[in-house]
Amino acid sequence: MAFSALSHLECPRCGATHDADQIIGLCPCGSPLLARYGVPAFDKADLASRAPDLWRYHELLPVRSPSNVVTLGEGMTPLLPMTRYGASIGVERLLMKDEGLIPTGTFKARGAAVGVSRAYEVGVRKIAMPTNGNAGSAWAAYAARAGMEALIAMPIAAPEICRREVTAVGARLQLIDGLIGDAAAYVRSQSGYFDASTLKEPYRIEGKKTMGLEIAEQLGWSLPDVIVYPTGGGVGIIGIWKALTELRDLGWISGPLPRLVAVQSTGCAPIVRAWEKGLTESEPWPDARTVAFGITVPKALGDFLVLQAITETGGCAVAVDDADILAEQHLVARLEGAFICPEGAANFAAIRTLRDSGWITADDQVVALNTGAGLKYPETCSALAGRTTHAC
Ligand SMILES: *Cc1c(COP(=O)(O)O)cnc(C)c1O
Ligand SMILES: [Zn+2]
């Protein structure tokens, strides 16, 4: 029985198909490529005996040989009831999937684990990537584990902790006086490296889709009404949509998919603006800035897929202010003991708004993704300390 049911790569824009067993980035038409699978030789009952990490879904992941799996134990994060906080905003059935608990402290480890493993498998030995910080930490760590070389280009304004994580594992760090787009231009100027930028390679999204597989499994193969996601490059939300679509095709879940909500900061909300204007692609956001640095992406390569995901599931896109993000981060910490990242807190600000407007009803079961640990953000940590009499 095959470890992976990977069949080929498909372009969601022009429909072209490509051989998956080669080093490949974008489709020649410029679109990201998506991995497609044949019918896997396993059933959900088989999962019971597997380890609680994301590799339990290996048939639906692209790595063909177990010997190429590079893992630090990522995946199967808890899906926590947010009882006290949920009651305070009138959403009793509120759950938080806490991605702050995985290696390198953010869900980026999922994309890095699968992306690095598959890149290694097809023969890549040197990767380069632009990052706002968290993806760089994760890819540097998994590259080190795989014995691969990594070049990570990061804006100077990215958090210092991410720089330290990158250099600690021996990757080459290039600081860029600019935004992530400038870091991307630097990466393009370097030869000899495989460009592992967001959605420029097809497999990071396969790692991130495991969040969707886990939510379905953790809810006993029933689905919530709403899933709320802090959206930057959009890989997480596209991945969750892809996962649920794949499970539906397998017949493991049925009924309507959850309404997917893309949350951004008012300091960088290209997807929200496109959604409000009814566009199928976003326009670059000028002067992007927010405390939720992981979602500071002025123009995402996969924007059209994010917009498609929220449209087809009856979802929406919402922008929230930084001040509200910080207030919600504080409240969640106080009411639930969970020190979440600002990106995760943006979800709760959005859920509050959507509940107030009636878009989320009192009966809806809502899953919010906390994409990272609050501990990685010393700046917001001191902002929180400033709001209370306690230091943090
Ligand atoms: C990267 C990142 C996001 C955005 O994820 P995408 O999949 O790129 O949309 C959200 N939260 C945190 C903490 C991140 O690091
Ligand atoms: Zn194409």
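Attention here is on the structure that accompanies the text. (Residues numbered from 1 in each chain as written. Chains lettered and ligands numbered in written order. Predicted model: local features only at pLDDT ≥ 70, side-chain atom pairs only at ≥ 80, totals over all residues. Heavy atoms only, no water.)

1. Digging into the overall build of the protein
At step 1: Helices and strands together make up the secondary structure of the protein, namely 13 helices and 13 strands.
At step 2: Its C-alpha atoms give the protein principal-axis dimensions of roughly 50 × 50 × 40 Å.
At step 3: Within the span of the protein, comprising 392 residues, buried residues form 59% of the whole.
At step 4: Restricting to contacts in the protein with at least 6 residues of sequence separation, those with at least 24 account for 70%.
At step 5: Carbon together with sulfur atoms contributes 52% to the accessible area of the protein, which is approximately 14500 Å² in total.
At step 6: The distance from the centre of the 35 positive side-chain charges to the centre of the 41 negative ones in the protein is 3 Å. (Helix = DSSP H or I, 4+ residues; strand = E, 2+ residues; numbered from the N terminus. Buried < 20%, exposed > 50% of the residue type's maximum accessible area, 1.4 Å probe, protein only. Contact = heavy atoms within 4.5 Å. Areas by Shrake-Rupley, 256 points an atom, 1.4 Å probe, with all protein chains shown as cover. Lys, Arg positive; Asp, Glu negative; His and termini not counted. Charge placed at Lys NZ, Arg CZ, Asp CG, Glu CD.)

2. Side note on the environment of R273
At step 1: The topology assignment puts R273 in helix α9 (residues 270–277).
At step 2: Overall, R273 belongs to the partly exposed group, its relative accessible area being 39%.
At step 3: Considering only alpha carbons, one finds R273 and R355, 82 residues apart in sequence, at a separation of 21 Å.

3. Comments concerning helix α2 (residues 108–121)
In an α-helix, one turn spans 3.6 residues, which is why side chains three or four residues apart end up on the same side.
At step 1: Given a rise of 1.5 Å per residue, 14 residues ought to cover 20 Å, and the 20 Å separating the end C-alpha atoms of α2 matches this to within 8%.
At step 2: Burial analysis of α2 places 13 of its 14 residues in the buried class, which makes it a mostly covered element.
At step 3: Of the residues one or two after α2, G123 is the one with positive phi, at around 110°. (Expected span 1.5 Å × (residues − 1).)

4. A few points about the environment of A362
At step 1: Along the chain, the position of A362 falls in the loop between α12 (342–356) and β13 (366–370).
At step 2: Assessed through its relative accessible area of 36%, A362 is described here as partly exposed.
At step 3: Along the sequence, A362 and P52 sit 310 residues apart, while their C-alpha atoms lie 32 Å from each other.
At step 4: Apart from residues no more than four positions distant in its own chain, A362 is found in contact with G90, E92 and R355.

5. Focus: the sheet that holds strand β6 (residues 126–130)
At step 1: One open sheet holds the four strands; their spatial order is β8-β7-β6-β9, and the pairing between them is parallel. With partners counted over all chains shown, the strands left at the sheet margins are β8 (172–176) and β9 (194–195), one partner each.
At step 2: Pairing geometry for β6 and strand β7 (residues 149–155), over five bridges, is parallel. Residue pairing across strands places K126 opposite E149, the latter belonging to β7.
At step 3: Those strands touched by helix α3 (residues 134–146) are β6 and β7, and its axis lies near 170° from that of β6.
At step 4: Along the sheet face, helix α4 (residues 160–168) touches β7 and β8 and points at about 150° away from the line of β8. (Pairing = 2+ DSSP bridges. Axes fitted to C-alpha atoms, helices over the stretch in contact; angles between N-to-C directions.)

6. Quick look at the coordination of the zinc ion (ligand 2)
At step 1: Around the zinc ion (ligand 2), the protein supplies C11 (SG), C14 (SG), C27 (SG) and C29 (SG) as donor atoms, at distances of 2.3 Å.
At step 2: In this structure, the zinc ion (ligand 2) is surrounded by four donor atoms whose angles at the metal cover 104 to 116°, and the resulting shape is tetrahedral.
At step 3: Written as a sequence motif, the donor arrangement for the zinc ion (ligand 2) is C-x2-C-x12-C-x1-C.
At step 4: Given a relative accessible area of 4%, C27 falls into the buried group. (Donors = N, O, S within 2.8 Å, 3.2 Å for Na, K, Ca; no water. Tetrahedral: all angles 85-135°; square planar, octahedral: opposite > 155°, others 65-115°.)

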